[in-house]
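As a plain string of letters, each chain reads:
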Amino acid sequence: MMAVFILPILLFYLFFTFIVAFLGQKKEIGFWGAFIVSTLLSPLIGLLIVIASKPLNTETLKVELDSTPRQEAIAKLKEAKDLVDLEMMSKEEFNSLKEELTPIIKEV
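Predicted model only: the values in this text are computed from it and were never measured. (Residues numbered from 1 in each chain as written. Predicted model: local features only at pLDDT ≥ 70, side-chain atom pairs only at ≥ 80, totals over all residues. Heavy atoms only, no water.)

Enquirer: Break down helix H2 (residues 30-40) for me, with residues and values.
Expert: Looking at H2, one finds that the buried residues are Gly-30, Phe-31, Ala-34, Phe-35, Val-37 and Ser-38. The inward-facing, buried residues of H2 abut helix H1 (2-24) and helix H3 (43-52). (Buried < 20%, exposed > 50% of the residue type's maximum accessible area, 1.4 Å probe, protein only. Helix = DSSP H or I, 4+ residues; strand = E, 2+ residues; numbered from the N terminus. Contact = heavy atoms within 4.5 Å.)

Enquirer: So what's going on with the side chain of Ser-38? Which residues, and what values?
Expert: Along the chain, Ser-38 falls in helix H2. Given the relative accessible area of 0%, Ser-38 is considered buried. A polar side-chain atom of Ser-38 sits 2.8 Å from the main-chain carbonyl oxygen of Ala-34. (Polar contact = N/O pair within 3.5 Å; in protein donor to acceptor, adjacent residues only side chain to side chain.)

Enquirer: Let's hear about the packing of H2 against H3: which residues, and what values?
Expert: In helix packing, the relevant descriptors are the interaxial angle and the interaxial distance, both defined with respect to the helix axes. Taken N-terminus to C-terminus, the directions of H2 and H3 make an angle of 145°; their axes are 6 Å apart at the nearest point. For the pair H2 and H3, the sense of crossing is right-handed. Contacts from Ala-34, Val-37 and Ser-38 in H2 reach Pro-43, Gly-46, Ile-49 and Val-50 in H3. Across the contact of H2 with H3, the residue classes tally to 5 nonpolar, 2 polar and no charged. (Axes fitted to C-alpha atoms, helices over the stretch in contact; angles between N-to-C directions. Left-handed = near helix turned anticlockwise from the far one by under 90°. Nonpolar A, V, L, I, M, F, W, Y, C, P; charged D, E, K, R; others polar.)

What follows is the structure, given as structure tokens:
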């Protein structure tokens with residue numbers, strides 16, 4: 001008889017736990033962090049933690065991803081310059097590489 005009452009309460013609890021977890025997706029806590037907190041503590045406390053959590057900063061992540069090829073191109077060009085100075089690469093090879101990497105480096 002007791003199981004009849006426990007099952008709907010458990011389903012209700014898990015339903016709100018998933019709602020809090022989905023709200024946590026766009027926060028620094030993330031989906032799984034919000035899910036675990038909501039499951040272990042309660043969906044209400046999980047919701048309060050999600051609200052207090054900082055928003056996920058996608059702009060910073062995007063800038064870091066966009067600048068990576070530029071940084072790699074600069075590093076590759078500096079390495080090539082060192083090879084020219086050590087006479088392990090010809091000026092023609094360096095100039096060819098420089099022409100190839102210049103658009104990537106200048107792109108901002």
